[in-house]
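Here is how the chains run, residue by residue.
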Amino acid sequence: MKRRSFLQLSAQALLTATFAESLKIRSAFGAEVPVLSLKQQLDPADGQVLVPSDHDFANYLGAFNKRTLLTPQVRVLCHNAKAVVTALQWAKENQVPLAMRAGGHSYEGFSQSTGLVIDTRLMNQIEMSADATSFVVGAGALLGEIYDVVARRGVVIPAGSCPTVGVTGHSTGGGYGLIARGFGLACDSLLSFEMVLADGRVVTVNEQNYPDLFWACRGAGGGNFGVMTQLQFRTHRVGNVFSFLVSWSTTPDKAATLMRTWQSWAPTAPNGINPLLKVSKDPNGRISLRCIGQSIGTEPILRQELKRLTEVLPPGSFSVKRMPFLGAVKYFGGRETDNVTVYMKAKSDYLKKVWDNSEALGFLSQLPPGEIVAIFDSYGGAIRNFRDADTAFAHRENTVSSVQYYVEWADPKDTPFKLQKMRTFHDSVRPYFSGGAYSNYPDIDLPNYARAYWAGNLERLVQIKNSYDPSNLFQHAQSVPLRIS
Ligand SMILES: Cc1cc2nc3c(=O)[nH]c(=O)nc-3n(C[C@H](O)[C@H](O)[C@H](O)COP(=O)(O)OP(=O)(O)OC[C@H]3O[C@@H](n4cnc5c(N)ncnc54)[C@H](O)[C@@H]3O)c2cc1C
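Remember, predicted model here, so these are calculated numbers, not experimental data.

Draft legend 1. Summary view of the overall build of the protein chain. From N to C terminus, the protein chain includes 14 helices and 20 strands. Relative to the globule expectation of 23 Å for 485 residues, the C-alpha radius of gyration of the protein chain, 23 Å, shows essentially globular dimensions. A principal-axis box enclosing the C-alpha atoms of the protein chain has dimensions of 70 × 55 × 55 Å. Buried residues in the protein chain amount to 55% of all 485 residues. Pairs at least 24 residues apart make up 72% of the contacts formed inside the protein chain by residues separated by at least 6 positions. Accessible area for the protein chain stands at about 20,100 Å²; split by element, carbon and sulfur atoms hold 52% of it. In the protein chain, the 49 positive side-chain charges and the 41 negative ones have mean positions that sit 3 Å from each other.

Written out as structure tokens, the structure reads:
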């Protein structure tokens, strides 16, 4: 480096350091809090403190949903649990509000804060057991990073296809993917995890140690009870899979019949087959249906099973492709680049019984043309190996499917319009569903969110919240409350 550039850089670094060190931020009650005290307590080997004036700060902003993006006053990039303990202690002493961030894909920005963000994204190491039956992973790892490592050993965890989703937020909220009917939700393969609790203890949690916390964090773990620092998962052996896509464009009448056939078939199909149904309305009023998914069973059985749908109506397109599991992740991941961010809104429902014809037609009549896609995820299979009360994830028994409504847009000026359209649509279709919702597809508009997400498990979750976090240190707009209102 030339001497002049070196001097310029050094002066800039000094200025930044001086600024950061004199920087004071605001506590939840408006008091001035010096960031220097946090920097002094944190060994740089354990973690890095970033404030907005730091050169690197902007590189670590970012959330999948740009609608929810906030600029924190301080971000701590943690390398280990010790850094998490230090950041937490500082936040408590100084009453600085905080959020914890893993993969940053929360639909409603629950990993965003204007105070402190405890950021685990650099804790993304993955260590396989010698026999590849399990692995330990840092809390900041992304699903794609995990698949890349474990698939080389011929094993997987059952989780979503989007490679940039974080394993911590995903698996602690349930974690549905295209082999869920074969192997269950991601949380069903969680064996153990390390967590920093509100009182600063670092504990290992599993069936034997803190079993109540283990129960709670398989369905309601994200941002509620403590900061996870590493997780251990059991793996499942998977080689090639069959990815399929069957599509139709048809009238609402025929679409209603197809949807009802899918609803009867999907949760009862052989467990190896995991079909999703994507439904949208074209501007001309015709309905587009795409049954996509993956099978870990045999090709003849898959083709035989798909006849349940194709015999109702011949499809416009039909494909079954054999590919390695990693190929299927890329095939369904769907994005050209890895780190896409968008303006988006989603909502969800649970379907507990197959619709009659008028319910299917009623739903389709409310679906706005061209905007919102409804994605039905098939349940049943191994998801039902647990009962609703066995883990905090409360939507297993008698569940036909979850359905997610999704819309994204490019121009922030469109936000109010898109949000209103989604609200109006959702209000109009809620009567066709059970009232439940999936906490991994959070929706800030949802009245009585805690009951919708956790149903009959809410009372136990509230008790556990009071045991481990009585001062509600870990909270976001839809966290487990200390009391049921
Ligand atoms: C493009 C996309 C595709 C998706 N596909 C699927 C899918 O196929 N199946 C499915 O089930 N879901 C899917 N989801 C939803 C996804 O599972 C959730 O958004 C999940 O919470 C994201 O986890 P994260 O770690 O990336 O998010 P973050 O935003 O980092 O965190 C999510 C939640 O976890 C909490 N949290 C973060 N770090 C920690 C920590 N260290 N300890 C404790 N809590 C923590 C946060 O407080 C927040 O409440 C998808 C989401 C997106 C955006």
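And the narrative resumes.
Draft legend 2. View of the site of the ligand. Near the ligand, the surroundings consist of 30 residues, among which Gly104, Ser111, Gly166, Tyr176 and Tyr438 are the closest. Separating a nitrogen atom of the ligand from a backbone N or O atom of Tyr176 is a distance of 2.7 Å. Taking 970 Å² as the accessible area of the ligand by itself, protein coverage stands at 92%. Residue assignment for the shell around the ligand shows that the elements contributing at least two residues are strand E5 (98-101), helix H5 (167-172) and strand E12 (227-234). Ranked by residue count, the leading element in the shell around the ligand is H5, at three residues. Considering only residue class, the shell around the ligand consists of 12 nonpolar, 17 polar and one charged.

Draft legend 3. Inspection of the packing of aromatic side chains at higher detail. Counted according to the given criterion, the structure contains 24 aromatic pairs. When the ring of Trp355 is compared with that of Phe363, the centres are 5.1 Å apart and the planes differ by 35 degrees; the resulting orientation is tilted. An identical accessibility class is assigned to Trp355 and Phe363; each is buried. Three or more aromatic residues link up through ring pairs in this structure, and these residues are Trp262, Trp355, Phe363, Phe376, Tyr405, Phe425, Tyr432 and Phe433. In this structure, Arg460 packs its charged tip against the face of Trp215, placed 4.1 Å from the ring centre.

Draft legend 4. Broad picture of the sheet that holds strand E18 (residues 343-351). What the seven strands build is an open sheet, ordered E17-E14-E16-E15-E19-E20-E18; its pairing is antiparallel. For this open sheet the edge positions go to strand E17 (317-324) and E18, each flanked by a neighbour on one side alone. The average undirected angle you get between the axes of adjacent strands in this sheet is 15 degrees. Looking at chain direction, strand E19 (residues 373-378) and strand E20 (residues 401-409) are connected through six bridges and run antiparallel. Across the sheet, Asp377 pairs through a bridge with Ser402, a residue of E20. In the packing of helix H11 (residues 357-366) onto the sheet, the strands contacted are strand E15 (273-281), strand E16 (287-295), E19 and E20, and the crossing angle to E15 comes to about 55 degrees.

Draft legend 5. View of helix H3 (residues 81-94). In this model H3 runs 20 Å from its N-terminal to its C-terminal C-alpha over 14 residues, within 8% of the 20 Å that 1.5 Å per residue would give. For H3, the full list of buried residues reads Ala81, Ala83, Val84, Thr86, Ala87, Leu88, Trp90 and Ala91. A side-chain oxygen of the first residue of H3 lies 3.2 Å from the backbone nitrogen of Lys82; this N-cap is Asn80.

Draft legend 6. Quick look at the pairing of strand E14 (residues 240-250). Across the 11 residues that make up E14, a large majority, eight, are buried. Bridge analysis of E14 against E17 gives eight bridges, and the strand direction is antiparallel. Within the sheet, the bridge partner assigned to Val241 lies in E17 and is Met323. The pairing of E14 with E16 spans nine bridges and is antiparallel. Across the sheet, Ser247 pairs through a bridge with Arg290, a residue of E16.

Draft legend 7. Layout of the pattern of salt bridges. As enumerated under the stated definition, the model contains 22 salt bridges in all. Among the ionic pairs, Glu108 bridges to Arg67, the shortest N-O distance being 3.1 Å. On the criterion of sequence distance, the pair formed by Glu108 in the loop between E5 and strand E6 (116-119) and Arg67 in the loop between strand E3 (47-50) and strand E4 (74-78) is long-range, its members being 41 residues apart. For Glu108, a relative accessible area of 10% corresponds to the buried category. Judged by relative accessible area, which is 23%, Arg67 ranks as partly exposed. Between Lys418 and Glu371 there is a salt bridge, with its nearest N and O atoms 3.0 Å apart. Of this pair, Lys418 sits in helix H12 (residues 415-429) while Glu371 sits in the loop between H11 and E19, and the two are 47 residues apart along the sequence. For Glu371, a relative accessible area of 23% translates into the label partly exposed. Linked by salt bridges that have partners in common, Arg67, Glu108, Lys345, Lys347, Arg423, Asp443 and Asp445 make up one network.

Conventions used here
Residues numbered from 1 in each chain as written. Predicted model: local features only at pLDDT ≥ 70, side-chain atom pairs only at ≥ 80, totals over all residues. Heavy atoms only, no water. Helix = DSSP H or I, 4+ residues; strand = E, 2+ residues; numbered from the N terminus. Rg over C-alpha atoms; globule rule 2.2 N^0.38 Å. Buried < 20%, exposed > 50% of the residue type's maximum accessible area, 1.4 Å probe, protein only. Contact = heavy atoms within 4.5 Å. Areas by Shrake-Rupley, 256 points an atom, 1.4 Å probe, with all protein chains shown as cover. Lys, Arg positive; Asp, Glu negative; His and termini not counted. Charge placed at Lys NZ, Arg CZ, Asp CG, Glu CD. Near = heavy atom within 4 Å. Polar contact = N/O pair within 3.5 Å; in protein donor to acceptor, adjacent residues only side chain to side chain. Nonpolar A, V, L, I, M, F, W, Y, C, P; charged D, E, K, R; others polar. Phe/Tyr/Trp six-rings, centres within 6.5 Å; stacked < 30°, edge-to-face > 60°. Lys NZ or Arg CZ within 6 Å of the ring centre and 35° of its normal. Pairing = 2+ DSSP bridges. Axes fitted to C-alpha atoms, helices over the stretch in contact; angles between N-to-C directions. Expected span 1.5 Å × (residues − 1). Salt bridge = Lys/Arg side-chain N within 4 Å of Asp/Glu carboxyl O.

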